[in-house]
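Here's the letter readout for the chains.
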Amino acid sequence: MLKACLNGTRRRDEHPAVPLTPAELAADAVRCATAGVAAVHVHPRDDSGAESLDPAVIAAAVTAIRAARPGLPVGVSTGAWIVPDPAERVAAVRAWTVLPDFASVNAHEPGAAEVAAALHERGVMVEAGLWTLAAVDAWRRWSTPTGRILVECMAEQVETALADAAAILGALAGERPPVLLHGEGPATWPVYAEAVRRGLHTRIGLEDTLLLPDGAQAPDNATLVTTARATAAH
């Protein structure tokens, strides 16, 4: 499964094609789905461009994407940087009026288990974001079922990112949830290749990298997706 991560924390001044509004996210989701992704992950923004877990903001983004591409699974982030207070993150999830298909929860963050539980109670599939071996241990203490594990290699140095991937995947040996492996920054494409080599789910998009494998700036998310699929085919 290839997922498109459309925007993340990116600003428009980092890349002119970063989608921010519901309409932009929807249009980009359609282009990426046409290019071959099976799901999209987005960080919805409020009118000021800031990431938000507000029910109206989540509803606007998810509704727009579903209207533009019915049947395409849509996921959102619940990162602690969006709403630092764990109780407020839980309250936000419980107040959502339109539910995404899945949501990522970083296992190392304060309140992660409670946020995951709130998502599960609402019927939203939980993706457990695991950045470190310590996060694997924290995730194992959750009582909430996990629909997918995200092994997220955040190190920019390629060798470190690949070593982190091997270590976390080794610690997860025998676990049941499907695994999605991805990297960020300079490590994006090497970790993508490792995910393909291992037969794991993976993702690509402007959230993770602004560059194509040859170092040229990617024009947009759809080009990243098309390039990723072509790379996997070889």
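Scroll up to find the structure.
The model shown is predicted, which means the values in this text are computed figures rather than measured ones.

A. Representation of the pattern of salt bridges within the structure. Per the counting criterion, the structure on display carries 14 salt bridges. R140 is the partner of E175 in a salt bridge, and the nearest nitrogen-oxygen pair spans 2.8 Å. Linking E175 in the loop between helix 6 (158-171) and strand 7 (179-183) with R140 in helix 5 (residues 133-140), this pair joins segments that are 35 residues apart in sequence. Its relative accessible area of 30% is what places E175 among the partly exposed residues. Taken together, the shared-partner salt bridges in this structure form one network comprising R10, R11, D13 and E14.

B. Layout of the packing of aromatic side chains. Using the criterion set out here, one finds one aromatic pair in the structure. Judged by centre distance (5.6 Å) and plane angle (70°), the rings of W189 and Y192 are edge-to-face. Pair noted here: W189 and Y192 are both in helix 7 (residues 188-198), with a separation of three residues, about one helical turn. Residue W189 is classed as buried on the basis of its relative accessible area of 11%. Across the ring face of F102, the terminal group of R148 is positioned such that the distance to the ring centre comes to 5.1 Å.

C. Helix 1 (residues 22-35), seen in detail. Relative to the 20 Å expected for 14 residues at 1.5 Å per residue, helix 1 spans 20 Å between its end C-alpha atoms, a close match to the ideal helical length. Taken as a whole, helix 1 has its buried residues at L25, A26, D28, A29, C32, A33 and A35. Check the buried side of helix 1 and you find it contacts strand 1 (2-5), strand 2 (39-42), helix 2 (55-68) and helix 8 (221-233). With its phi angle positive at about 125°, G36 sits one or two positions after the end of helix 1.

D. Geometry of the sheet that holds strand 2. Strand order in this open sheet of eight strands is 7-6-5-4-3-2-1-8, and the pairing throughout is parallel. The sheet is open, and its two borders are formed by strand 7 and strand 8 (202-204), each paired with just one other strand. Averaged over all pairs of adjacent strands, the angle between their axes in this sheet comes to 25°, without regard to strand direction. Across three bridges, the pairing between strand 2 and strand 3 (residues 74-77) is parallel. Looking at the pairing, V40 lines up with V74 of strand 3. Contacts from helix 2 reach strand 2 and strand 3 within the one sheet, and its direction differs from that of strand 3 by about 155°.

E. Highlighting the layout of surface pockets. The computed volume of the largest pocket comes to approximately 270 Å³. T9, M154, E184, R203 and E207 are the residues nearest the centre of the largest pocket, which is lined by 20 residues in total. Taken together, the residues of the lining of the largest pocket sort by class into four nonpolar, nine polar and seven charged. By volume, the second largest pocket amounts to about 160 Å³.

F. Region of interest: helix 7. Considered for burial, the residues of helix 7 that qualify are T188, W189, V191, Y192, E194 and A195. Looking at the buried residues of helix 7, the elements they touch are strand 1, strand 6 (148-153), helix 6, strand 7, strand 8 and helix 8. G199 occupies a position one or two residues after helix 7 and carries a positive phi of about 75°.

Thresholds applied
- Residues numbered from 1 in each chain as written.
- Predicted model: local features only at pLDDT ≥ 70, side-chain atom pairs only at ≥ 80, totals over all residues.
- Heavy atoms only, no water.
- Salt bridge = Lys/Arg side-chain N within 4 Å of Asp/Glu carboxyl O.
- Helix = DSSP H or I, 4+ residues; strand = E, 2+ residues; numbered from the N terminus.
- Buried < 20%, exposed > 50% of the residue type's maximum accessible area, 1.4 Å probe, protein only.
- Phe/Tyr/Trp six-rings, centres within 6.5 Å; stacked < 30°, edge-to-face > 60°.
- Lys NZ or Arg CZ within 6 Å of the ring centre and 35° of its normal.
- Expected span 1.5 Å × (residues − 1).
- Contact = heavy atoms within 4.5 Å.
- Pairing = 2+ DSSP bridges.
- Axes fitted to C-alpha atoms, helices over the stretch in contact; angles between N-to-C directions.
- 1 Å grid on protein atoms, 1.4 Å probe; cavity = no way out; pocket = protein on both sides within 12 Å on 5 of 7 lines; lining within 4 Å.
- Points joined across faces, edges and corners; volume = space filled by probe spheres on them.
- Nonpolar A, V, L, I, M, F, W, Y, C, P; charged D, E, K, R; others polar.

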